[in-house]
Amino acid sequence: MKICVTGHRPNKMYGYDIYNRQWSELKNKFKELLVENICDEAITGMALGVDTVFALAVLELKEEWYDIKLHCAIPCKNHSCKWIKESVDLYNDILSKADTVKLVSDEEYKPWLMQKRNEYMVDLADKVIAVWDGSKGGTGNCVKYAKKCGKEIIRLLP
């Protein structure tokens, strides 16, 4: 079972401290859903916020000897170039522990490449976890694409 995630960035969720209580609770919910759904490959787009916390949940499961692979879908060459050092360091650490790192486009950053990355993830996945408040934007576009593809969506409200 392959499961990908889509969700809001930190400014629309619980802030940039991904180790706070709310992010930790979401990480634990991700772990629960991955185990319940017998996920053996988890796919993240590696954006700040939901994607990063999802990746951390997968890495924790691996440390707990759960048989799961982490697949990181990178939208473009310079994806993390505008992030603060702590975020870039965490990003690189996650990538170093991933089983698969796929550069979806070798172009420089362009907003539409985020949707191309989302479509790549949805196309591979059996199910999509969407941490989504119903608003328009990247997460909403990803959910719309997943519905069009007939994918099962597990929606979590932020």
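Residues numbered from 1 in each chain as written. Predicted model: local features only at pLDDT ≥ 70, side-chain atom pairs only at ≥ 80, totals over all residues. Heavy atoms only, no water.

Student: Sorry, what's going on with the pairing of strand E2 (residues 41-44) here?
Tutor: Side-chain positions along a regular strand alternate between the two faces of the sheet. Of the two faces of E2, the one lined by Glu41 and Ile43 and the one lined by Ala42 and Thr44 are each fully buried. Pairing of strand E1 (residues 2-7) with E2 involves three bridges; the strand directions are parallel. Paired with Ile3 across the bridge in E2 is Ala42. Crossover connection from E1 via helix H1 (residues 21-36) to parallel E2: handedness right-handed. By the bridge criterion, four bridges tie E2 to strand E3 (residues 69-74) in an arrangement that is parallel. Its bridge partner lying in E3, Thr44 is registered against Cys72. Read as a crossover between parallel neighbours, the route from E2 over helix H2 (residues 50-63) to E3 is right-handed. (Buried < 20%, exposed > 50% of the residue type's maximum accessible area, 1.4 Å probe, protein only. Helix = DSSP H or I, 4+ residues; strand = E, 2+ residues; numbered from the N terminus. Pairing = 2+ DSSP bridges. Right-handed = clockwise from strand over helix to strand, strands pointing away.)

Student: Help me understand the side chain of Thr44, please; the structure alone is not making it clear to me.
Tutor: Relative to the assigned elements, Thr44 resides in strand E2. When its relative accessible area of 0% is taken as the criterion, Thr44 is described as buried. Thr44 has contacts with Val5, Asp51, Phe54, Ala55, Leu70, His71, Cys72, Ala73 and Met121, leaving out every residue within four places of it along the chain. (Contact = heavy atoms within 4.5 Å.)

Student: Explanation requested: the environment of Met13 in the structure shown.
Tutor: Looking at the secondary structure, you find Met13 in the loop between E1 and H1. Between the C-alpha atoms of Met13 and Asn118, which are 105 residues apart in sequence, the distance is 19 Å. Dropping the residues within four chain positions of it, Met13 is found in contact with His8, Trp23, Leu26, Val50, Val131 and Pro158.

Student: Help me out: how do you make sense of helix H4 (residues 112-124) in this one?
Tutor: Since one α-helical turn is 3.6 residues long, residues separated by three or four positions face the same way. The end-to-end C-alpha separation of H4 is 19 Å, in line with the 18 Å expected for 13 residues at 1.5 Å each. Turning to H4, its buried residues are Leu113, Met114, Gln115, Arg117, Asn118, Tyr120, Met121 and Val122. (Expected span 1.5 Å × (residues − 1).)

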